[in-house]
Amino acid sequence: MTRAGKSKTEIHATTGCTIGVDDVSFDIMDGEIFVIMGLSGSGKSTLLRLLNRLIEPTSGVIEVNGEDITRLSTRDLIELRRRDMSMVFQSFALLPNRNVLNNAAFGLEVSGVGEAERTQKAMAALEAVGLRDYAMSRPDQLSGGMKQRVGLARALASEPTILLMDEAFSALDPLIRTEMQDELMRLQAEHSRTVIFVSHDLDEAMRIGDRICIMQHGKVVQVGTPDEIVSQPANDYVRSFFRNVDVSQVFKAGDVARRTQLTLVDRRGATAAAALEQMSQSDRDVAIVVGRDKKYHGMISQDVLVQKIRAKDADPYRNAFLQDVTPIPAGEPLSNVLGLVAASRWPVPVVDERGRYVGSLSKSSLLETLDRAG
């Protein structure tokens, strides 16, 4: 019926069966946090469970490093799960009769790892999530956030390359949830894993996701980075998700920076008169000065160049840059630079991680970005 083009609703009405995941195909990149989002019943948790075959697919392939895991025997599948995959559920699923250390080591114990080795690995995982001092505590002595950290430590103890997280933070209070998101990103920065994270929380997805997959009725509607989805939604369903998103939290300075400002190259033989002529021709009061390597040197004004000419100073850029202009890193969220740009008399330069000039932010460019996204 699916191949004949029947809809999910028609199939359910006729057979009572629900199409959980329908003709889904995408790649997940090594080391990224890939967030799967959708309304309740969209198929996101089913999709996650297909990736480790907790739910068996009825057709198609699931490849891990090029190997189709749908063809693995039960024994090989168990080995794959033990070696490469761990899962963190929404419920903490801790064993109340075991202390924190033994809960963290439980997966290793089931896998047959010796006591000394599993204790060492479990302690390392607890230290990674900040719970080493609570190793001998019981689960009922911990807060909700601490219990979820134990669940995360249990998943990390087996040193997986792929971490599956099914709404892992949704049962936590907002402040604790934010804390756990920070913890996940910190762990990712220290030891990059491939994380597939199911969430129904838009703010969470935008905050932690390198890319976001939007699902509807078992189908994938759009896959993209947060800023791609906000600025280029695939349809009204995706657009409705992001209608009230604070885009200043999504876009980075480098996403919005424009190359409309005049740039002057700081080279041997440059003169103040030549620089001033370029600015006059371009009708610019200020210009960005860069080196031959494109690295940002500073911003200079017509007034300073005029003073240089009057003082017969041969070097147009020595001690001439505007002192109240500080470049912004390209990766800085717009929310962190709105006040700086608003207070600046001039467009504010943006530089990449190597100090190279990538563009400038002005009040008008910010307003146009916010208006367009809205």
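Residues numbered from 1 in each chain as written. Predicted model: local features only at pLDDT ≥ 70, side-chain atom pairs only at ≥ 80, totals over all residues. Heavy atoms only, no water.

**Regarding the overall build of the chain**
- Counting its secondary structure elements, the chain contains 16 helices and 14 strands.
- A globule of 374 residues ought to have a C-alpha radius of gyration of about 21 Å, yet the chain, at 27 Å, is considerably larger.
- For the chain, the C-alpha atoms occupy an extent of roughly 85 × 55 × 40 Å along the three principal directions.
- For the chain, buried positions account for 44% of its 374 residues.
- Of the contacts made within the chain by residues no fewer than 6 positions apart, 62% connect residues no fewer than 24 positions apart.
- Of the roughly 20,000 Å² that the chain leaves accessible, carbon and sulfur atoms contribute 46%.
- Positive and negative charge centroids in the chain, built from 45 and 50 side chains respectively, lie 2 Å apart. (Helix = DSSP H or I, 4+ residues; strand = E, 2+ residues; numbered from the N terminus. Rg over C-alpha atoms; globule rule 2.2 N^0.38 Å. Buried < 20%, exposed > 50% of the residue type's maximum accessible area, 1.4 Å probe, protein only. Contact = heavy atoms within 4.5 Å. Areas by Shrake-Rupley, 256 points an atom, 1.4 Å probe, with all protein chains shown as cover. Lys, Arg positive; Asp, Glu negative; His and termini not counted. Charge placed at Lys NZ, Arg CZ, Asp CG, Glu CD.)

**Focus on the packing of helix 6 (residues 115-128) against helix 7 (residues 144-157)**
- Running from amino to carboxyl end, helix 6 crosses helix 7 at an angle of 130 degrees, the nearest separation of the two axes being 8 Å. On the basis of the axis angle, helix 6 is oblique to helix 7. Helix-helix and strand crossings are classified by hand; for helix 6 and helix 7 the assignment is right-handed. Only A153, L156 and A157 of helix 7 make contact with helix 6, whose side of the interface consists of K121, A122, A125 and L126.
- Residues that form the contact of helix 6 with helix 7 fall into these classes: 6 nonpolar, no polar and 1 charged. (Axes fitted to C-alpha atoms, helices over the stretch in contact; angles between N-to-C directions. Parallel < 35°, antiparallel > 145°, perpendicular 65-115°, else oblique. Left-handed = near helix turned anticlockwise from the far one by under 90°. Nonpolar A, V, L, I, M, F, W, Y, C, P; charged D, E, K, R; others polar.)

**Some thoughts on helix 3 (residues 74-84)**
- Among the residues of helix 3, those classed as buried are L77, L80 and D84. Along the axis of helix 3, the buried residues cluster in a sector spanning 65 degrees; they form a single face. Exposed residues on helix 3 whose side chains face more than 90 degrees from its buried face are T74 and R75.
- Packing partners of the buried residues in helix 3 comprise strand 4 (85-88) and strand 5 (162-166). (Arc of directions from axis to C-beta.)

**Description of the pattern of salt bridges**
- In the structure shown here, the tally under the stated rule is 17 salt bridges.
- It is possible to trace a salt-bridge network through shared partners that takes in R149, E179, E183, R186 and E190. (Salt bridge = Lys/Arg side-chain N within 4 Å of Asp/Glu carboxyl O.)

**Examining the UniProt feature "domain: ABC transporter" (unreviewed entry) in the chain**
- Within this structure's numbering, the places UniProt gives as "domain: ABC transporter" (unreviewed entry) are residues 6-242.
- Here residues 6-242 runs as 43% helix and 16% strand, with 29 Å between its end C-alpha atoms. (UniProt positions renumbered as here; feature names shortened; annotations may be inferred.)

**A look at the pairing of strand 6 (residues 194-199)**
- Among the 6 residues in strand 6, 6 count as buried, and that is most of the element.
- Neither face of strand 6 is open: one carries T194, I196 and V198, the other V195, F197 and S199, and all of them are buried.
- In terms of strand pairing, strand 5 meets strand 6 through 5 bridges, oriented parallel. The residue bridging L163 from the neighbouring strand is V195, located in strand 6. (Pairing = 2+ DSSP bridges.)

**Focus: the side chain of S42**
- Secondary-structure assignment places S42 in the loop between strand 1 (33-38) and helix 2 (44-51).
- Given a relative accessible area of 3%, S42 falls into the buried group.
- Within the local environment of S42, its side chain forms a polar contact with the backbone oxygen of L39, the two atoms lying 2.8 Å apart.
- If near-sequence neighbours (up to four positions away) are discounted, S42 is found in contact with G20, M215, Q216, H217, G218 and K219. (Polar contact = N/O pair within 3.5 Å; in protein donor to acceptor, adjacent residues only side chain to side chain.)

**Concerning the sheet that holds strand 13 (residues 348-351)**
- Pairing in this open sheet of 3 strands is mixed, and the strands run 12-13-14 from one edge to the other. At either margin of the open sheet sits one strand with a lone partner, and together these are strand 12 (328-329) and strand 14 (357-361).
- Both strand 13 and strand 14 contribute to a ladder of 4 bridges, which runs antiparallel. Paired with V350 across the strands is G359, a residue of strand 14.

**Comments concerning the packing of helix 13 (residues 272-281) against helix 14 (residues 302-310)**
- Contact geometry of helix 13 with helix 14 gives a least axis separation of 9 Å together with a crossing angle of 150 degrees. It follows from the interaxial angle that helix 13 and helix 14 lie roughly antiparallel. The crossing of helix 13 and helix 14 is left-handed. Taken together, the residues of helix 14 that come into contact with helix 13 (itself represented by A272, A273, A275, L276, M279 and S280) are Q302, L305, V306, K308 and I309.
- Here the contact of helix 13 with helix 14 is built from residues that sort into 8 nonpolar, 2 polar and 1 charged.

**Some words on the environment of D22**
- Tracing the backbone through its elements, the reader meets D22 in the loop between helix 1 (8-15) and strand 1.
- The class of D22 is buried, set by a relative accessible area of 15%.
- Counting along the chain gives 278 residues from D22 to I300, while the straight-line C-alpha distance between them is 58 Å.
- Leave out the neighbours within four places in its chain, and D22 touches T2, G218 and K219.

**Considering the nonpolar core**
- L126, L152, M165, I214, F242 and L361 are the most contacted members of the largest nonpolar core, which has 62 residues in total.
- In terms of residue count, helix 7 provides more of this core than any other element does, 7 residues in total.
- In this structure, this core is formed jointly by two domains, domain 1 (2-246) and domain 2 (253-372), each of which donates at least three residues.
- Residue contacts for L126: discarding those within four places in its chain leaves V100, L101, A104, L131, R132, A135 and A153.
- One finds I69, I162, L164 and C213 within the second-largest nonpolar core, a separate group that totals 20 residues. (Core = buried A, V, L, I, M, F, W, Y, C linked by side-chain atoms within 4.5 Å. Domains from an automatic or database assignment.)

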